[in-house]
Amino acid sequence: MPRGIIYLVGAGPGAPGLITLRGVECLKRAEVVVYDYLANEQLLNHAPATAERIYAGKIGGRHNQDQDEINRLLVSKGLEGKVVVRLKGGDPFVFGRGGEECEALCAAGIPFEIVPGVTAAVGASAYAGIPLTHRDFTASVAFVTGQEGKDKDESTIDWQHLALGSGTIVFYMGITTLRRNMQRLADNGRSPHTPVALVRWATTSGQQVLTGTIVDIADKAEAIGFKPPAVTIVGEVVGLRDQLRWFDNRPLSGRKIIVTRAAEQAGEFSAMLEARGATVLECPTIKLIEPDSWSELDVALTDMSRYDWLVLTSGNAVRFFFERLNALQLDSRALGGCKVCAVGPKTAEVIRTYGIRPDLIPADYKAEGVVAEFARLGINGQTVLYPRADKARDLIPQQLEVMGAHVMSPIAYRNVLPDRLCPEALFALEKRCVDCITFTSSSTVRNLSHLLGIDLLTDMLKGVTVASIGPITSKSCRDLGLKVDIEPAEYTLGALTEAIAQHFLISV
Ligand code: SAH
(Lines give C-alpha, C1' and ligand atoms only; values in the text may rest on other atoms or scores of the structure.)
Protein backbone atom coordinates (compact mmCIF):
# COMPACT_ATOMS: atom_id res chain seq x y z
CA MET A 1 0.00 0.00 0.00
CA PRO A 2 1.42 3.46 -0.83
CA ARG A 3 2.31 5.50 2.20
CA GLY A 4 1.79 9.19 2.34
CA ILE A 5 3.11 11.74 4.72
CA ILE A 6 1.31 14.44 6.65
CA TYR A 7 3.10 17.72 7.33
CA LEU A 8 1.55 19.61 10.20
CA VAL A 9 2.60 23.11 9.27
CA GLY A 10 2.29 26.23 11.39
CA ALA A 11 1.04 28.99 9.08
CA GLY A 12 2.06 31.75 11.45
CA PRO A 13 -0.26 34.37 12.88
CA GLY A 14 -1.53 36.02 9.71
CA ALA A 15 1.03 37.99 7.69
CA PRO A 16 1.93 35.65 4.82
CA GLY A 17 5.67 36.27 5.28
CA LEU A 18 5.62 34.80 8.76
CA ILE A 19 5.55 31.16 7.71
CA THR A 20 8.84 29.23 7.92
CA LEU A 21 10.96 28.24 4.90
CA ARG A 22 10.32 24.60 5.78
CA GLY A 23 6.59 25.30 5.78
CA VAL A 24 6.79 26.75 2.27
CA GLU A 25 8.87 23.77 1.08
CA CYS A 26 6.17 21.41 2.33
CA LEU A 27 3.41 23.45 0.66
CA LYS A 28 5.33 23.37 -2.62
CA ARG A 29 5.24 19.61 -2.73
CA ALA A 30 1.71 19.18 -1.35
CA GLU A 31 -0.87 17.11 -3.19
CA VAL A 32 -3.52 17.96 -0.62
CA VAL A 33 -3.75 21.01 1.66
CA VAL A 34 -6.18 20.96 4.56
CA TYR A 35 -6.36 24.47 5.97
CA ASP A 36 -7.98 26.35 8.82
CA TYR A 37 -9.94 29.53 9.29
CA LEU A 38 -6.97 31.23 10.94
CA ALA A 39 -4.39 30.25 8.29
CA ASN A 40 -3.90 33.03 5.72
CA GLU A 41 -5.38 31.81 2.42
CA GLN A 42 -2.64 33.57 0.48
CA LEU A 43 -0.30 30.83 1.67
CA LEU A 44 -2.19 28.39 -0.53
CA ASN A 45 -0.52 30.07 -3.49
CA HIS A 46 2.68 28.24 -2.52
CA ALA A 47 0.97 24.92 -3.26
CA PRO A 48 0.89 23.57 -6.83
CA ALA A 49 -2.23 24.61 -8.75
CA THR A 50 -3.14 20.93 -9.01
CA ALA A 51 -3.13 20.37 -5.23
CA GLU A 52 -6.50 19.59 -3.69
CA ARG A 53 -7.48 22.35 -1.27
CA ILE A 54 -9.80 21.45 1.60
CA TYR A 55 -11.11 24.05 4.01
CA ALA A 56 -11.28 22.28 7.36
CA GLY A 57 -13.82 24.77 8.69
CA LYS A 58 -16.44 23.27 6.39
CA ILE A 59 -16.09 19.73 7.58
CA GLY A 60 -18.75 18.43 9.97
CA GLY A 61 -20.97 20.35 12.33
CA ARG A 62 -19.99 20.69 15.95
CA HIS A 63 -16.48 21.26 17.20
CA ASN A 64 -15.49 17.80 18.41
CA GLN A 65 -17.15 16.13 15.52
CA ASP A 66 -15.16 18.51 13.32
CA GLN A 67 -11.94 17.37 14.87
CA ASP A 68 -12.78 13.68 14.48
CA GLU A 69 -13.62 14.26 10.86
CA ILE A 70 -10.41 16.13 10.25
CA ASN A 71 -8.46 13.31 11.88
CA ARG A 72 -10.25 10.78 9.68
CA LEU A 73 -9.62 12.87 6.58
CA LEU A 74 -5.89 13.12 7.32
CA VAL A 75 -5.67 9.38 7.96
CA SER A 76 -7.53 8.48 4.79
CA LYS A 77 -5.43 10.82 2.61
CA GLY A 78 -2.31 9.40 4.26
CA LEU A 79 -3.43 5.86 3.51
CA GLU A 80 -4.02 6.87 -0.11
CA GLY A 81 -0.33 7.72 -0.21
CA LYS A 82 -0.81 11.45 -0.56
CA VAL A 83 1.59 14.20 0.46
CA VAL A 84 -0.65 16.25 2.71
CA VAL A 85 -0.08 19.61 4.34
CA ARG A 86 -2.26 20.28 7.34
CA LEU A 87 -1.94 24.05 7.54
CA LYS A 88 -2.82 25.47 10.93
CA GLY A 89 -2.89 29.05 12.18
CA GLY A 90 0.05 30.03 14.38
CA ASP A 91 1.87 26.99 15.72
CA PRO A 92 0.34 23.50 15.45
CA PHE A 93 1.18 22.61 19.04
CA VAL A 94 -0.03 25.79 20.74
CA PHE A 95 -3.78 25.48 21.27
CA GLY A 96 -3.89 24.02 17.81
CA ARG A 97 -5.08 20.47 18.39
CA GLY A 98 -1.94 19.37 16.58
CA GLY A 99 -1.34 16.86 19.35
CA GLU A 100 -4.67 15.18 18.74
CA GLU A 101 -4.10 15.01 15.00
CA CYS A 102 -0.66 13.47 15.50
CA GLU A 103 -2.10 10.89 17.89
CA ALA A 104 -4.58 9.83 15.23
CA LEU A 105 -1.78 9.57 12.65
CA CYS A 106 0.38 7.56 15.07
CA ALA A 107 -2.49 5.16 15.71
CA ALA A 108 -2.91 4.64 11.96
CA GLY A 109 0.83 4.28 11.42
CA ILE A 110 1.05 7.24 9.07
CA PRO A 111 4.32 9.17 8.98
CA PHE A 112 4.21 12.85 9.85
CA GLU A 113 6.45 15.86 10.35
CA ILE A 114 5.71 18.90 12.48
CA VAL A 115 6.77 22.31 11.23
CA PRO A 116 6.51 24.94 13.95
CA GLY A 117 5.02 28.36 13.34
CA VAL A 118 4.98 31.81 14.90
CA THR A 119 2.22 31.51 17.46
CA ALA A 120 -0.36 34.30 17.84
CA ALA A 121 1.07 35.52 21.16
CA VAL A 122 4.50 35.97 19.63
CA GLY A 123 3.14 37.59 16.47
CA ALA A 124 0.93 39.94 18.46
CA SER A 125 3.79 40.81 20.77
CA ALA A 126 6.07 41.81 17.89
CA TYR A 127 3.46 43.67 15.82
CA ALA A 128 1.92 45.51 18.76
CA GLY A 129 5.32 46.53 20.12
CA ILE A 130 4.88 44.66 23.43
CA PRO A 131 7.90 42.51 24.38
CA LEU A 132 6.63 39.43 26.22
CA THR A 133 9.66 39.50 28.51
CA HIS A 134 11.83 42.42 29.50
CA ARG A 135 14.56 42.52 32.12
CA ASP A 136 13.03 45.54 33.82
CA PHE A 137 9.55 44.05 34.10
CA THR A 138 9.30 40.29 33.92
CA ALA A 139 11.28 37.13 33.46
CA SER A 140 8.34 34.84 32.79
CA VAL A 141 5.42 34.51 30.40
CA ALA A 142 2.46 32.14 30.41
CA PHE A 143 0.22 31.18 27.49
CA VAL A 144 -3.24 30.33 28.75
CA THR A 145 -6.52 29.41 27.12
CA GLY A 146 -9.30 31.82 27.97
CA GLN A 147 -11.87 29.09 27.49
CA GLU A 148 -10.75 26.77 30.27
CA GLY A 149 -13.58 26.12 32.66
CA LYS A 150 -16.10 27.83 30.42
CA ASP A 151 -18.27 24.75 30.04
CA LYS A 152 -17.18 23.24 33.32
CA ASP A 153 -17.81 24.46 36.83
CA GLU A 154 -14.20 24.21 37.81
CA SER A 155 -11.26 25.59 35.90
CA THR A 156 -8.15 23.41 35.93
CA ILE A 157 -6.08 26.58 35.93
CA ASP A 158 -4.46 27.48 39.22
CA TRP A 159 -5.58 31.11 39.14
CA GLN A 160 -3.67 32.20 42.17
CA HIS A 161 -0.48 30.80 40.79
CA LEU A 162 -1.20 32.34 37.41
CA ALA A 163 -2.16 35.75 38.78
CA LEU A 164 0.95 36.19 40.88
CA GLY A 165 3.41 33.68 39.44
CA SER A 166 3.78 34.87 35.89
CA GLY A 167 4.88 38.38 34.92
CA THR A 168 3.22 38.34 31.53
CA ILE A 169 0.09 36.36 30.78
CA VAL A 170 -1.27 35.84 27.27
CA PHE A 171 -4.79 34.51 26.90
CA TYR A 172 -5.82 32.82 23.68
CA MET A 173 -9.52 32.55 22.84
CA GLY A 174 -10.28 34.89 25.72
CA ILE A 175 -12.47 37.67 24.32
CA THR A 176 -15.91 36.27 25.15
CA THR A 177 -14.61 35.34 28.60
CA LEU A 178 -12.59 38.52 29.11
CA ARG A 179 -14.57 39.99 32.02
CA ARG A 180 -14.58 36.76 33.98
CA ASN A 181 -10.88 36.10 33.45
CA MET A 182 -9.81 39.63 34.40
CA GLN A 183 -11.96 39.34 37.53
CA ARG A 184 -10.25 36.07 38.41
CA LEU A 185 -6.81 37.66 38.12
CA ALA A 186 -7.89 40.55 40.36
CA ASP A 187 -9.58 38.22 42.86
CA ASN A 188 -6.37 36.26 43.09
CA GLY A 189 -4.22 39.22 43.95
CA ARG A 190 -3.03 40.74 40.68
CA SER A 191 -3.17 44.53 40.81
CA PRO A 192 -6.32 45.77 39.04
CA HIS A 193 -4.17 48.51 37.51
CA THR A 194 -1.98 46.05 35.59
CA PRO A 195 -1.92 47.11 31.94
CA VAL A 196 -3.74 44.90 29.41
CA ALA A 197 -3.74 44.89 25.60
CA LEU A 198 -6.14 43.09 23.28
CA VAL A 199 -4.59 42.39 19.89
CA ARG A 200 -6.98 41.35 17.15
CA TRP A 201 -5.95 39.92 13.78
CA ALA A 202 -2.35 40.44 14.84
CA THR A 203 0.27 40.99 12.11
CA THR A 204 -2.33 41.62 9.40
CA SER A 205 -3.25 44.98 7.94
CA GLY A 206 -6.51 44.68 9.87
CA GLN A 207 -4.69 44.51 13.22
CA GLN A 208 -6.58 46.25 16.01
CA VAL A 209 -5.16 46.94 19.45
CA LEU A 210 -7.11 48.05 22.49
CA THR A 211 -5.32 48.88 25.72
CA GLY A 212 -6.55 49.33 29.27
CA THR A 213 -6.10 47.73 32.66
CA ILE A 214 -7.39 44.61 34.36
CA VAL A 215 -10.20 46.66 35.88
CA ASP A 216 -11.42 48.52 32.81
CA ILE A 217 -10.48 46.51 29.70
CA ALA A 218 -13.73 44.50 29.61
CA ASP A 219 -15.83 47.69 29.66
CA LYS A 220 -13.69 49.23 26.96
CA ALA A 221 -13.92 46.12 24.79
CA GLU A 222 -17.68 45.94 25.20
CA ALA A 223 -18.10 49.62 24.42
CA ILE A 224 -16.53 49.23 20.97
CA GLY A 225 -17.82 45.70 20.34
CA PHE A 226 -14.30 44.23 20.20
CA LYS A 227 -14.46 40.80 18.57
CA PRO A 228 -12.27 37.69 18.32
CA PRO A 229 -9.83 36.47 17.12
CA ALA A 230 -7.57 38.24 19.55
CA VAL A 231 -5.05 37.56 22.23
CA THR A 232 -5.12 39.31 25.59
CA ILE A 233 -1.73 40.35 26.90
CA VAL A 234 -1.61 41.14 30.62
CA GLY A 235 1.45 42.59 32.32
CA GLU A 236 3.62 45.64 32.89
CA VAL A 237 5.29 45.09 29.51
CA VAL A 238 2.12 46.36 27.82
CA GLY A 239 3.21 49.87 28.86
CA LEU A 240 6.19 49.64 26.48
CA ARG A 241 3.84 49.81 23.50
CA ASP A 242 3.57 53.58 23.68
CA GLN A 243 7.24 53.78 22.83
CA LEU A 244 7.76 50.61 20.78
CA ARG A 245 4.75 50.47 18.49
CA TRP A 246 5.87 50.52 14.88
CA PHE A 247 3.34 48.58 12.82
CA ASP A 248 -0.08 50.11 13.37
CA ASN A 249 1.07 53.73 13.48
CA ARG A 250 2.56 53.96 9.99
CA PRO A 251 1.13 56.73 7.79
CA LEU A 252 -1.25 54.46 5.89
CA SER A 253 -2.15 52.04 8.70
CA GLY A 254 -5.82 51.19 8.60
CA ARG A 255 -6.27 52.77 5.12
CA LYS A 256 -7.82 50.80 2.29
CA ILE A 257 -6.38 51.72 -1.09
CA ILE A 258 -7.37 50.47 -4.54
CA VAL A 259 -4.68 49.88 -7.14
CA THR A 260 -6.02 49.80 -10.70
CA ARG A 261 -2.88 48.75 -12.61
CA ALA A 262 -2.75 45.57 -14.67
CA ALA A 263 -2.26 42.47 -12.52
CA GLU A 264 1.28 41.94 -13.86
CA GLN A 265 2.28 45.47 -12.88
CA ALA A 266 0.43 46.03 -9.64
CA GLY A 267 2.73 44.10 -7.30
CA GLU A 268 5.51 46.64 -6.94
CA PHE A 269 3.16 49.55 -6.26
CA SER A 270 1.03 47.51 -3.85
CA ALA A 271 4.16 46.52 -1.93
CA MET A 272 5.19 50.19 -1.56
CA LEU A 273 1.77 51.12 -0.18
CA GLU A 274 1.69 48.09 2.10
CA ALA A 275 5.12 48.96 3.46
CA ARG A 276 3.52 52.17 4.73
CA GLY A 277 0.73 50.24 6.39
CA ALA A 278 -2.04 50.33 3.76
CA THR A 279 -4.42 47.49 2.99
CA VAL A 280 -4.29 47.23 -0.78
CA LEU A 281 -7.08 45.95 -2.98
CA GLU A 282 -5.86 45.18 -6.46
CA CYS A 283 -8.55 45.88 -8.99
CA PRO A 284 -6.96 45.69 -12.45
CA THR A 285 -8.73 47.85 -15.01
CA ILE A 286 -6.30 46.83 -17.74
CA LYS A 287 -5.57 43.39 -19.06
CA LEU A 288 -2.45 42.67 -21.08
CA ILE A 289 -2.87 40.08 -23.80
CA GLU A 290 -1.05 38.73 -26.82
CA PRO A 291 -1.39 40.54 -30.14
CA ASP A 292 -3.91 39.24 -32.68
CA SER A 293 -1.00 37.97 -34.71
CA TRP A 294 2.65 37.41 -33.88
CA SER A 295 3.76 37.31 -37.50
CA GLU A 296 5.24 40.81 -37.66
CA LEU A 297 7.25 40.37 -34.45
CA ASP A 298 8.28 36.83 -35.43
CA VAL A 299 9.80 38.05 -38.69
CA ALA A 300 11.97 40.42 -36.67
CA LEU A 301 12.86 37.93 -33.94
CA THR A 302 14.08 35.31 -36.39
CA ASP A 303 16.50 37.77 -38.01
CA MET A 304 17.65 40.21 -35.35
CA SER A 305 20.98 40.71 -37.16
CA ARG A 306 19.18 43.21 -39.41
CA TYR A 307 18.70 45.63 -36.55
CA ASP A 308 21.12 48.16 -35.12
CA TRP A 309 18.87 49.06 -32.19
CA LEU A 310 16.15 47.44 -30.10
CA VAL A 311 14.08 50.06 -28.27
CA LEU A 312 12.00 48.94 -25.28
CA THR A 313 9.77 51.45 -23.53
CA SER A 314 8.08 49.42 -20.78
CA GLY A 315 8.57 46.38 -18.62
CA ASN A 316 5.62 44.79 -20.38
CA ALA A 317 7.21 45.26 -23.80
CA VAL A 318 10.35 43.61 -22.43
CA ARG A 319 8.43 40.65 -21.00
CA PHE A 320 6.32 40.03 -24.08
CA PHE A 321 9.38 40.41 -26.33
CA PHE A 322 11.52 37.89 -24.47
CA GLU A 323 8.65 35.50 -23.86
CA ARG A 324 7.96 35.40 -27.58
CA LEU A 325 11.67 34.85 -28.23
CA ASN A 326 11.50 31.92 -25.85
CA ALA A 327 8.34 30.58 -27.51
CA LEU A 328 10.26 30.53 -30.79
CA GLN A 329 12.91 28.36 -29.09
CA LEU A 330 15.37 31.26 -29.15
CA ASP A 331 17.13 33.14 -26.37
CA SER A 332 18.94 36.42 -25.69
CA ARG A 333 21.80 35.37 -28.03
CA ALA A 334 19.44 36.06 -30.93
CA LEU A 335 20.06 39.76 -30.29
CA GLY A 336 23.68 39.36 -31.37
CA GLY A 337 25.25 42.76 -31.88
CA CYS A 338 21.96 44.66 -31.74
CA LYS A 339 22.18 47.50 -29.22
CA VAL A 340 19.43 47.93 -26.65
CA CYS A 341 17.80 51.15 -25.49
CA ALA A 342 15.64 51.16 -22.32
CA VAL A 343 13.30 54.09 -21.70
CA GLY A 344 14.29 54.31 -18.03
CA PRO A 345 15.90 52.48 -15.11
CA LYS A 346 12.81 50.37 -14.31
CA THR A 347 12.62 48.99 -17.85
CA ALA A 348 16.41 48.50 -17.79
CA GLU A 349 16.05 46.43 -14.64
CA VAL A 350 13.61 44.07 -16.35
CA ILE A 351 15.90 43.81 -19.39
CA ARG A 352 18.80 42.82 -17.11
CA THR A 353 16.78 39.89 -15.77
CA TYR A 354 17.06 38.42 -19.29
CA GLY A 355 20.86 38.68 -19.18
CA ILE A 356 21.10 41.81 -21.34
CA ARG A 357 22.71 45.07 -20.24
CA PRO A 358 21.03 48.03 -21.94
CA ASP A 359 23.40 50.23 -23.94
CA LEU A 360 21.36 53.37 -23.61
CA ILE A 361 19.03 54.91 -21.02
CA PRO A 362 17.97 58.50 -21.81
CA ALA A 363 18.24 61.19 -19.16
CA ASP A 364 14.53 61.94 -19.50
CA TYR A 365 12.66 58.66 -18.89
CA LYS A 366 10.00 58.94 -21.56
CA ALA A 367 9.47 58.62 -25.32
CA GLU A 368 10.62 62.22 -25.85
CA GLY A 369 13.83 61.38 -23.98
CA VAL A 370 14.51 58.41 -26.28
CA VAL A 371 14.03 60.65 -29.32
CA ALA A 372 16.31 63.34 -27.88
CA GLU A 373 19.04 60.81 -27.16
CA PHE A 374 18.96 59.40 -30.72
CA ALA A 375 18.96 62.93 -32.11
CA ARG A 376 22.18 63.49 -30.18
CA LEU A 377 23.77 60.19 -31.25
CA GLY A 378 22.57 60.36 -34.88
CA ILE A 379 20.57 57.48 -36.27
CA ASN A 380 20.47 58.21 -39.98
CA GLY A 381 20.40 55.00 -42.08
CA GLN A 382 20.16 52.68 -39.06
CA THR A 383 17.46 50.09 -38.50
CA VAL A 384 15.43 50.09 -35.29
CA LEU A 385 13.09 47.50 -33.83
CA TYR A 386 10.48 48.98 -31.51
CA PRO A 387 8.11 46.31 -30.14
CA ARG A 388 5.18 48.15 -28.60
CA ALA A 389 1.66 48.06 -27.16
CA ASP A 390 -1.23 48.43 -29.59
CA LYS A 391 -2.20 51.75 -28.03
CA ALA A 392 1.30 53.23 -27.80
CA ARG A 393 1.91 56.72 -29.12
CA ASP A 394 3.59 56.95 -32.55
CA LEU A 395 6.13 59.51 -31.37
CA ILE A 396 9.22 57.25 -31.42
CA PRO A 397 8.75 55.66 -34.89
CA GLN A 398 7.69 58.98 -36.42
CA GLN A 399 10.55 61.03 -35.03
CA LEU A 400 13.22 58.42 -35.69
CA GLU A 401 12.03 58.07 -39.28
CA VAL A 402 12.33 61.85 -39.62
CA MET A 403 15.98 61.46 -38.56
CA GLY A 404 16.52 58.95 -41.36
CA ALA A 405 16.16 55.67 -39.42
CA HIS A 406 14.22 52.64 -40.67
CA VAL A 407 11.85 51.70 -37.89
CA MET A 408 9.81 48.57 -37.53
CA SER A 409 7.25 48.68 -34.72
CA PRO A 410 5.41 45.36 -34.40
CA ILE A 411 2.73 44.97 -31.77
CA ALA A 412 4.09 42.85 -28.89
CA TYR A 413 1.04 43.01 -26.65
CA ARG A 414 -2.41 44.49 -26.38
CA ASN A 415 -3.87 46.57 -23.64
CA VAL A 416 -7.58 45.63 -23.24
CA LEU A 417 -10.47 45.91 -20.81
CA PRO A 418 -10.63 43.08 -18.28
CA ASP A 419 -13.71 40.84 -18.42
CA ARG A 420 -14.78 41.98 -14.96
CA LEU A 421 -13.63 44.02 -12.00
CA CYS A 422 -12.37 42.52 -8.74
CA PRO A 423 -15.54 41.76 -6.71
CA GLU A 424 -13.78 42.41 -3.40
CA ALA A 425 -12.84 45.95 -4.50
CA LEU A 426 -16.34 46.67 -5.79
CA PHE A 427 -17.82 45.40 -2.55
CA ALA A 428 -15.49 47.65 -0.55
CA LEU A 429 -16.49 50.65 -2.70
CA GLU A 430 -20.18 49.87 -2.24
CA LYS A 431 -19.69 49.60 1.50
CA ARG A 432 -17.93 52.98 1.43
CA CYS A 433 -14.88 51.64 3.20
CA VAL A 434 -12.27 52.61 0.60
CA ASP A 435 -10.04 55.56 1.54
CA CYS A 436 -8.19 56.09 -1.71
CA ILE A 437 -8.15 54.96 -5.35
CA THR A 438 -5.02 55.27 -7.47
CA PHE A 439 -4.74 55.87 -11.19
CA THR A 440 -1.34 55.37 -12.75
CA SER A 441 -2.25 56.01 -16.39
CA SER A 442 -5.12 57.51 -18.34
CA SER A 443 -6.31 54.07 -19.40
CA THR A 444 -6.71 52.94 -15.79
CA VAL A 445 -9.34 55.63 -15.13
CA ARG A 446 -10.92 55.53 -18.58
CA ASN A 447 -11.30 51.77 -18.44
CA LEU A 448 -12.84 51.94 -14.99
CA SER A 449 -15.38 54.47 -16.22
CA HIS A 450 -16.03 52.26 -19.23
CA LEU A 451 -16.66 49.21 -17.07
CA LEU A 452 -18.79 50.93 -14.42
CA GLY A 453 -20.47 53.60 -16.50
CA ILE A 454 -19.85 57.24 -15.65
CA ASP A 455 -22.77 57.64 -13.22
CA LEU A 456 -21.83 54.64 -11.15
CA LEU A 457 -18.19 55.71 -11.25
CA THR A 458 -18.92 59.15 -9.81
CA ASP A 459 -21.29 57.73 -7.24
CA MET A 460 -18.93 54.97 -6.07
CA LEU A 461 -15.99 57.34 -5.79
CA LYS A 462 -17.87 59.92 -3.71
CA GLY A 463 -15.78 60.57 -0.61
CA VAL A 464 -12.89 58.46 -1.93
CA THR A 465 -9.54 60.27 -2.24
CA VAL A 466 -8.38 60.18 -5.86
CA ALA A 467 -4.61 59.88 -6.41
CA SER A 468 -3.22 60.33 -9.91
CA ILE A 469 0.37 59.78 -11.03
CA GLY A 470 0.71 62.90 -13.18
CA PRO A 471 -0.95 65.68 -15.18
CA ILE A 472 -2.03 63.55 -18.17
CA THR A 473 -3.78 61.02 -15.95
CA SER A 474 -5.23 63.83 -13.83
CA LYS A 475 -6.71 65.45 -16.92
CA SER A 476 -8.36 62.15 -17.85
CA CYS A 477 -9.82 61.97 -14.33
CA ARG A 478 -11.20 65.51 -14.59
CA ASP A 479 -12.61 64.86 -18.05
CA LEU A 480 -14.66 62.10 -16.41
CA GLY A 481 -15.88 64.44 -13.69
CA LEU A 482 -13.56 63.24 -10.93
CA LYS A 483 -11.77 65.59 -8.55
CA VAL A 484 -8.08 64.79 -8.18
CA ASP A 485 -6.87 65.08 -4.59
CA ILE A 486 -3.29 63.88 -4.92
CA GLU A 487 -0.76 64.39 -7.73
CA PRO A 488 2.97 64.11 -6.97
CA ALA A 489 5.51 66.57 -8.39
CA GLU A 490 7.52 63.71 -9.91
CA TYR A 491 5.62 61.15 -12.01
CA THR A 492 6.86 57.95 -10.41
CA LEU A 493 5.23 55.27 -8.27
CA GLY A 494 7.62 56.12 -5.43
CA ALA A 495 6.61 59.78 -5.47
CA LEU A 496 2.93 58.86 -5.72
CA THR A 497 3.26 56.59 -2.69
CA GLU A 498 4.97 59.37 -0.73
CA ALA A 499 2.29 61.89 -1.73
CA ILE A 500 -0.48 59.51 -0.60
CA ALA A 501 1.27 58.89 2.73
CA GLN A 502 1.72 62.64 3.21
CA HIS A 503 -1.92 63.34 2.38
CA PHE A 504 -3.23 60.91 4.98
CA LEU A 505 -0.69 61.97 7.58
CA ILE A 506 -1.99 65.52 7.32
CA SER A 507 -5.67 64.62 7.15
CA VAL A 508 -5.61 62.50 10.35
N1 SAH B 1 -2.42 27.53 17.02
C2 SAH B 1 -2.75 28.92 17.10
C3 SAH B 1 -3.81 29.20 18.12
C4 SAH B 1 -5.16 28.67 17.74
S5 SAH B 1 -6.36 28.97 18.97
C6 SAH B 1 -1.49 29.71 17.40
O7 SAH B 1 -0.46 29.14 17.70
O8 SAH B 1 -1.54 30.93 17.31
C9 SAH B 1 -7.21 30.35 18.30
C10 SAH B 1 -6.85 31.60 19.05
O11 SAH B 1 -5.57 32.05 18.67
C12 SAH B 1 -7.75 32.78 18.76
O13 SAH B 1 -8.93 32.71 19.52
C14 SAH B 1 -6.88 33.93 19.18
O15 SAH B 1 -6.86 34.06 20.57
C16 SAH B 1 -5.52 33.44 18.75
N17 SAH B 1 -5.14 33.96 17.42
C18 SAH B 1 -4.86 33.25 16.33
N19 SAH B 1 -4.49 34.07 15.31
C20 SAH B 1 -4.53 35.31 15.82
C21 SAH B 1 -4.24 36.60 15.30
N22 SAH B 1 -3.82 36.78 14.05
N23 SAH B 1 -4.38 37.66 16.10
C24 SAH B 1 -4.78 37.53 17.37
N25 SAH B 1 -5.08 36.34 17.92
C26 SAH B 1 -4.96 35.25 17.15
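Here, every reference points to the structure presented above.
Residues numbered from 1 in each chain as written. Predicted model: local features only at pLDDT ≥ 70, side-chain atom pairs only at ≥ 80, totals over all residues. Heavy atoms only, no water.

Q: Any chance you could break down the site of the ligand for me, citing the residues and the numbers?
A: Neighbouring the ligand are 18 residues; Pro13, Val94, Thr119, Ala202 and Ala230 lie closest to it. Here a nitrogen atom of the ligand sits 3.0 Å away from a polar atom, N or O, in the main chain of Gly89. In this structure, a nitrogen atom belonging to the ligand sits 2.7 Å away from a main-chain N or O atom of Val94. For the ligand, whose free accessible area comes to 540 Å², the fraction covered by protein is 92%. Grouping the amino acids of the shell around the ligand by side-chain chemistry returns 13 nonpolar, 4 polar and 1 charged. (Near = heavy atom within 4 Å. Polar contact = N/O pair within 3.5 Å; in protein donor to acceptor, adjacent residues only side chain to side chain. Areas by Shrake-Rupley, 256 points an atom, 1.4 Å probe, with all protein chains shown as cover. Nonpolar A, V, L, I, M, F, W, Y, C, P; charged D, E, K, R; others polar.)

Q: With reference to specific residues and values, describe unusual backbone geometry.
A: Of note, the bond from Pro228 into Pro229 is cis; its omega dihedral lies within 30 degrees of zero at 0°. Positionally, Pro229 belongs in the loop between helix H7 (217–224) and strand E10 (230–234). Of note in the backbone geometry, Arg97 takes a positive phi value of approximately 60° without being a glycine. Along the polypeptide, Arg97 turns up in the loop between strand E4 (83–88) and helix H3 (98–108). On the basis of relative accessible area, Arg97 is assigned to the partly exposed category, the value being 26%. (Helix = DSSP H or I, 4+ residues; strand = E, 2+ residues; numbered from the N terminus. Buried < 20%, exposed > 50% of the residue type's maximum accessible area, 1.4 Å probe, protein only.)

Q: Could you give me a rundown of the pairing of strand E20 (residues 436–439), with the residues and numbers involved?
A: Along E20, one buried face is formed by Cys436 and Thr438 and the opposite face, lined by Ile437 and Phe439, is buried too. With 4 bridges joining them, E20 and strand E21 (residues 465–468) adopt parallel strand pairing. Residue pairing for E21: Cys436 is matched across the bridge by Thr465. (Pairing = 2+ DSSP bridges.)

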